[in-house]
Amino acid sequence: MTTIELISVYDMARLSVHILYDILNKRSTEDDKHINISHRKLPPWEEHVAFFDSRPYECWYLIYDVFNVNPACAGTCYVTKRNEIGIVLFKDARGKGIGTAAVKKLMETKPLPAVPGVRGGGYLANINPNNQASIRMFEKLGFRHIQNTYHWRRIYGKAQQKTDDG
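In this report, the structure presented in the accompanying data block is examined. (Residues numbered from 1 in each chain as written. Predicted model: local features only at pLDDT ≥ 70, side-chain atom pairs only at ≥ 80, totals over all residues. Heavy atoms only, no water.)

**Considerations on the packing of aromatic side chains**
Counted only if it meets this: Each Phe, Tyr or Trp ring (for Trp, its six-membered ring) is paired with any other whose centre lies within 6.5 Å, and the angle between the two planes then decides the class: stacked below 30 degrees, edge-to-face above 60, tilted in between. A helix here means a DSSP run of H or I that spans at least four residues, while a strand means a run of E at least two residues long, and both kinds are numbered starting from the N terminus. Burial classes: relative accessible area under 20% of the type maximum marks a residue as buried, over 50% as exposed, and values in between as partly exposed (1.4 Å probe, protein chains only). Our definition puts a charge over a ring when NZ of Lys or CZ of Arg is within 6 Å of the ring centre and also within 35 degrees of the ring normal.
The tally for this structure, following the rule as stated, stands at 9 aromatic pairs. Here Tyr10 and Phe52 contribute two aromatic rings whose centre-to-centre distance is 6.0 Å and whose plane-to-plane angle is 45°, an arrangement assigned as tilted. Linking Tyr10 in the loop between β1 (4-8) and α1 (13-28) with Phe52 in helix α2 (residues 45-53), this pair joins segments that are 42 residues apart in sequence. Exposure class is identical for Tyr10 and Phe52. Each is buried. On the numbers, 3.9 Å between centres and 15° between planes, the contact of Tyr57 with Tyr78 is stacked. With Tyr57 in the loop between α2 and β2 (59-65) and Tyr78 in strand β3 (residues 73-79), this residue pair connects regions lying 21 residues apart in the sequence. Classification of Tyr57 as buried rests on a relative accessible area of 15%. Here the aromatic cluster, defined as three or more aromatic residues joined through ring pairs, consists of Tyr10, Phe51, Phe52, Tyr57, Trp60 and Tyr78. One residue, Arg55, lies across the ring of Tyr10, its end atom 3.8 Å from the ring centre.

**A few points about the pairing of β2**
Counted only if it meets this: Strand pairing is assigned whenever DSSP detects at least two bridges linking the two strands.
The buried count for β2 comes to 6 of 7 residues, which makes it a mostly enclosed element. Sheet analysis places β1 next to β2, joined by 5 bridges and oriented antiparallel. Bridging from a neighbouring strand, Ile7 pairs with Leu62 of β2. For β2 and β3, the ladder comprises 6 bridges, and the chain directions are antiparallel. In the sheet register, Ile63 faces β3, and the bridge partner there is Gly75.

**Description of the sheet that holds β1**
The strand order across the open sheet formed by 5 strands is β1-β2-β3-β4-β5, and the pairing between neighbours is mixed. Strands with a single pairing partner mark the edges of an open sheet, and in this sheet they are β1 and β5 (124-125). Bridge analysis of β3 against strand β4 (residues 84-89) gives 5 bridges, and the strand direction is antiparallel. Each residue of the ladder has a partner; that of Thr76, found in β4, is Val88.

Quick look at the structure:
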């Protein structure tokens, strides 16, 4: 059985901002571009620090496997102000039950109350539709598929062109 500990990034901010940047760096260089939905490339350090300092999430944690002989950060998880759960694991932490344990622990707290037009009363998980491992994990936790979301944006005055990496 996997036992994890969630440590608030806000409680150890200066160390956390570096660990989170390391996670972003490793995510941006992964072979499987379908794992990520929020970052295609590493943001500049200053932009990362500004994002962190804006306290963008209702709660944000670093994930540690407490029974690991050499405990190291396994990843991060958070809940947005819209009750959306996000989780990112380092590649070597995947497939070990750490993600499931972290989300279960995260969900021990009640979601923020429903506010019409702002958020529902339960949790949501935005998952890249090609990330089958994440889909299976959330389905095992009782989440059900409710929608597909499509994104379009204008880049430098021209419509975004479809590429292999999204």
